[in-house]
Amino acid sequence: MIVTMLEDAGFDTDKVHFTTVFDHFIEKPSKSMIRKTTHLQDELRRVKPKFVLLVGNTALQAALGKTGIKKERGRPEEIDGTVFYP
């Protein structure tokens, strides 16, 4: 679904990298689990993206250490040359 939405918006999805906060599915991760995981940070170091779309509160917390996706939505934040879009 997100691939179709990106294509409809004109993105070349062959140039889009998809990842998750964890390297395996966790239905309801705790805040402690989110703080401890390194999967997302490892992916960001490896891929070195220009832009990161944070989908959901778990991604927001893992990437920026913030909670409240509704409050942060639409407020990009640049860190070390990467722009994060909640």
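Heads up: the structure comes first, above all this text.
The present account deals with the structure reproduced in this document. (Residues numbered from 1 in each chain as written. Predicted model: local features only at pLDDT ≥ 70, side-chain atom pairs only at ≥ 80, totals over all residues. Heavy atoms only, no water.)

## Considering a nonpolar patch on the surface
The grouping of I2, V3, F18, F51, L53, V55 and Y85 at the surface amounts to a nonpolar patch, some 660 Å² of accessible area in total. Mapped by element, the contributors of at least two residues to the nonpolar patch are α1 (2–8) and β1 (51–53). Residue position: L53 is located in strand β1. (Patch = residues over 30% accessible without salt bridge, like charges linked within 9 Å, V, L, I, M, F, W, Y side chains within 5 Å. Areas by Shrake-Rupley, 256 points an atom, 1.4 Å probe, with all protein chains shown as cover. Salt bridge = Lys/Arg side-chain N within 4 Å of Asp/Glu carboxyl O. Helix = DSSP H or I, 4+ residues; strand = E, 2+ residues; numbered from the N terminus.)

## A look at the nonpolar core
Soluble globular proteins tend to bury their nonpolar side chains together. Membership of the largest hydrophobic core comes to 14 residues, with the highest contact counts inside it found for V21, L40, L54, A63, L64 and F84. Elements represented by at least two residues in this core include exactly α3 (39–47) and α4 (57–64). A per-element tally of this core places α4 first, with five residues. Ignoring anything within four residues of it in the chain, the contact list for F84 reads L44, V52, L54, A63, L64, R75, P76, E77 and I79. (Core = buried A, V, L, I, M, F, W, Y, C linked by side-chain atoms within 4.5 Å. Buried < 20%, exposed > 50% of the residue type's maximum accessible area, 1.4 Å probe, protein only. Contact = heavy atoms within 4.5 Å.)

## Some thoughts on unusual backbone geometry
The backbone phi angle of K48 is positive, close to 55°, even though this residue is not glycine. By the secondary structure assignment, K48 is in the loop between α3 and β1. The class for K48 is exposed, based on a relative accessible area of 65%. With phi around 50°, D80 is a residue other than glycine that occupies positive phi space. The topology assignment puts D80 in the loop between β2 (77–79) and β3 (82–85).

## A look at the environment of T19
Within the secondary structure, T19 is located in the loop between α1 and α2 (31–36). T19 sits 54 residues away from R73 along the chain, and the two C-alpha atoms are 19 Å apart. Sequence-distant contacts of T19, that is, excluding residues within four places in its chain, are made with H39, L40 and E43. One polar contact links T19 to H39, side chain to side chain, over a distance of 3.5 Å. A distance of 3.4 Å separates the side chain of T19 from the side chain of E43, its partner in a polar contact. (Polar contact = N/O pair within 3.5 Å; in protein donor to acceptor, adjacent residues only side chain to side chain.)

## Notes on the pattern of salt bridges
What the rule picks out here adds up to five salt bridges. For R46, the salt bridge is made with E43, and the minimal N-O distance between the two is 3.2 Å. Of this pair, R46 and E43 both sit in helix α3, separated by three residues, roughly a single helical turn. Using a relative accessible area of 14% as the deciding quantity, one classes E43 as buried.

These values are about where atoms sit, not about what they do.
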